[in-house]
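Observations on the three-dimensional arrangement
Residues per chain are reported as follows:
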Amino acid sequence: MKKVLSFGEMMLRLKPPANERILQTNTFEGTYGGAEANVAVSLALLGNDVSYLSKFPNNLLGESAIATLRKYGVDTKKIIKGDGRLGIYFFEKGASVRSTNVVYDRAYSAFSLAKADEFHWETIFADVSYFYFSGITPAISEELEKTILSACKYCQEHDIPVVCDMNYRGKMWSPEKARKVMSKVMEYVTVCIAHDEDFEATLGIKAFDGDSTRGIAQEDSFKQAMKEVMKQYPNCKMVTSILRDIHSVEESTWKALLLTDGQFYETDSYKMHVMEGVAAGDAFGAGLMHGILHDYTPEDMVRFGLAASVLKLTITGDLNLVSEADIKNVMESGSASRLSR
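My aim in this report is to walk through the structure given alongside it, one point at a time. The structure displayed is predicted, hence computed values, not measured ones.

**A closer look at the overall build of the chain**
Scanning the chain from N- to C-terminus turns up 11 helices and 15 strands. Its C-alpha atoms give the chain a radius of gyration of 19 Å, within 12% of the compact-globule value 20 Å for 341 residues. Its C-alpha atoms give the chain principal-axis dimensions of about 50 × 45 × 45 Å. When each of the 341 residues of the chain is scored for burial, the buried share is 57%. Of all intrachain contacts in the chain linking residues separated by at least 6 positions in sequence, the fraction that spans at least 24 positions is 69%. Surface summary for the chain: the accessible area is close to 14500 Å², and the carbon and sulfur share equals 49%.

In structure tokens, the structure reads:
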């Protein structure tokens, strides 16, 4: 079986109950999540062989986070431990016209303090078929920029495809810094996942005008941007993106595009009532990876990825706790509204 290595930071996620604000709450629900960890859990739940690489603090919070990964079938043997803390992010769910908000508390985490020479790629990649990470990881520290670049170079030298979700986070770095780093990373990327502002913020390629209420209407602009990615980075063999019309925190419409071998593939649109708008991009990335691992057609890859993504919008927490059958049910029928009994 082909094995995926997913590399990034897993954090403690603290969320006020219901739609309470951080300023008013006295209670936080504690779970774990983080882009690449979310992808690893999704892939494991879909029956894939996936390993997660990170650095965790050598304390009970680190052990609890690792236990969460193991619980869902992720291989944690490559994880290293050391000084520092577990990063935290606070998730404040919005409502109606009030946006969902995230507050990061991840400075001095064990992962952010990691050094590039702690990761021995010859050993780490010995049994790996695909390498997955997001643009969040090199945004954490200059050492992790070096780490990502060295990992990507090793992959290129050893014919290991690299899958990268651009995943721009404006609270972590500027577009100028992101472009400087990610333009180097893209020289090694085989599959590029980019949504909304990711194209311009990380690659300097305009795809989206910033009006989140009419993302789908900008399909032609997204297609031109996807072509430009492949033109600028010939190593990249596939580019894919989610397009969204966000009407409010709870109501939105989603579709997806994929470009490979000079041909576009697109999904139908899903009109969604959103329970929690977090980690749907990670669910898409995992769904796409599942399609790649199982030799789906490009059309089915992007359809499976989007079905996984919109299912995540119905689930609280970072982790997309669904099966392959759940995803295929939505992929084929457009919904899962019938009572299952």
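**Brief notes about the packing of aromatic side chains**
Overall, the coordinates contain 14 aromatic pairs when judged by the stated rule. With a centroid separation of 5.8 Å and 10° between ring planes, the pair formed by Phe-119 and Trp-121 is classed as stacked. Look at Trp-121 and you get buried, because its relative accessible area is 8%. With centroids separated by 5.9 Å and ring planes inclined at 80°, the aromatic side chains of Phe-199 and Phe-222 adopt a geometry described as edge-to-face. Pair noted here: Phe-199 is in helix α7 (residues 198–203) and Phe-222 is in helix α8 (residues 219–232), with a separation of 23 residues, a long-range link. For the residue pair Phe-199 and Phe-222, the accessibility class agrees, reading buried in each case. Taken together, the ring pairs in this structure connect Phe-7, Phe-111, Phe-119, Trp-121, Phe-125, Phe-131, Phe-133 and Tyr-154 into an aromatic cluster. If you follow Arg-13 out to its NZ or CZ, it ends over the ring of Phe-91, 4.6 Å from the centre. Positioned above the aromatic ring of Tyr-104 is the side chain of Arg-106, whose terminal nitrogen or guanidinium carbon lies 5.0 Å from the ring centre.

**Here we look at unusual backbone geometry**
Positive phi, normally seen in glycine, also occurs at Tyr-108, with a value near 65°. Along the chain, Tyr-108 turns up in the loop between β8 (101–105) and α3 (121–124). On the basis of relative accessibility, which here comes to 62%, the residue Tyr-108 falls in the exposed class. Non-glycine residue Asp-261 carries a positive phi angle of around 50°. Examined against the element boundaries, Asp-261 turns out to sit in the loop between β13 (251–260) and β14 (263–266).

**Observations regarding the sheet that holds strand β2 (residues 11–15)**
If you trace the four strands from one edge of the open sheet to the other, you get β3-β2-β7-β8, paired in mixed fashion. Each edge of the open sheet is held by one strand with a lone partner, namely β3 (29–33) and β8. For this sheet the average axis-to-axis angle between neighbouring strands, irrespective of direction, equals 25°. Bridge count between β2 and β3: five bridges; the pairing is antiparallel. By the bridge assignment for β3, Lys-15 is matched with Glu-29.

**Some words on helix α10 (residues 298–312)**
An ideal rise of 1.5 Å per residue puts 21 Å on 15 residues; α10 measures up with 21 Å between its terminal C-alpha atoms. The element α10 is extensively covered by neighbouring structure, given that 11 of its 15 residues are classed as buried. Tucked into the core, α10 has its buried residues touching β12 (238–246), β13, β14, β15 (270–273), α9 (280–293) and α11 (324–333).

**Remarks on the layout of surface pockets**
In this structure, the largest pocket occupies an estimated 1400 Å³ of space. Around the largest pocket, the lining comprises 47 residues; the ones closest to its centre are Arg-169, Arg-244, Gly-277, Val-278 and Ala-279. Secondary structure elements with two or more residues in the lining of the largest pocket: α1 (35–45), β7 (88–92), β8, β12, β13 and α9. The residue inventory of the lining of the largest pocket, partitioned by class, reads 19 nonpolar, 16 polar and 12 charged.

**Describing α8**
Between the first and last C-alpha of α8 there are 20 Å, a value that for 14 residues agrees with the 20 Å anticipated at 1.5 Å per step. Buried-residue contacts for α8 involve β11 (191–193), α7, β12, β13 and β14.

**A word on the pattern of salt bridges**
Here the structure, examined in full by the defined rule, presents 25 salt bridges. Linking Lys-177 and Glu-145 is a salt bridge whose minimum nitrogen-to-oxygen distance equals 3.1 Å. You can see Lys-177 sitting in helix α6 (residues 175–185) and its partner Glu-145 sitting in helix α5 (residues 142–157), a full 32 residues away along the chain. The class for Lys-177 is partly exposed, based on a relative accessible area of 27%.

**Re the nonpolar core**
Judged by nonpolar contacts, the single largest core of 61 residues is most densely connected at Tyr-52, Phe-56, Leu-69 and Met-289. Of the residues forming this core, the biggest block, eight residues, is contributed by α10.

**A word on the pairing of β7**
For β7, a buried count of five out of five residues is recorded, marking the element as mostly surrounded by other parts of the structure. Residues Ile-88, Phe-90 and Glu-92 of β7 are buried on one face, and the alternating residues Tyr-89 and Phe-91, pointing to the opposite face, are buried as well. Sheet topology note: the β2/β7 ladder contains three bridges and is parallel. Paired with Leu-14 across the bridge in β7 is Phe-90. Here five bridges tie β7 to β8, and the two strands are oriented antiparallel to one another. Residue Tyr-89 lies in a different strand from β8, and its bridge partner there is Tyr-104.

Criteria and thresholds
- Residues numbered from 1 in each chain as written.
- Predicted model: local features only at pLDDT ≥ 70, side-chain atom pairs only at ≥ 80, totals over all residues.
- Heavy atoms only, no water.
- Helix = DSSP H or I, 4+ residues; strand = E, 2+ residues; numbered from the N terminus.
- Rg over C-alpha atoms; globule rule 2.2 N^0.38 Å.
- Buried < 20%, exposed > 50% of the residue type's maximum accessible area, 1.4 Å probe, protein only.
- Contact = heavy atoms within 4.5 Å.
- Areas by Shrake-Rupley, 256 points an atom, 1.4 Å probe, with all protein chains shown as cover.
- Phe/Tyr/Trp six-rings, centres within 6.5 Å; stacked < 30°, edge-to-face > 60°.
- Lys NZ or Arg CZ within 6 Å of the ring centre and 35° of its normal.
- Pairing = 2+ DSSP bridges.
- Axes fitted to C-alpha atoms, helices over the stretch in contact; angles between N-to-C directions.
- Expected span 1.5 Å × (residues − 1).
- 1 Å grid on protein atoms, 1.4 Å probe; cavity = no way out; pocket = protein on both sides within 12 Å on 5 of 7 lines; lining within 4 Å.
- Points joined across faces, edges and corners; volume = space filled by probe spheres on them.
- Nonpolar A, V, L, I, M, F, W, Y, C, P; charged D, E, K, R; others polar.
- Salt bridge = Lys/Arg side-chain N within 4 Å of Asp/Glu carboxyl O.
- Core = buried A, V, L, I, M, F, W, Y, C linked by side-chain atoms within 4.5 Å.

Geometric descriptors of this kind do not, in isolation, establish any biological role.
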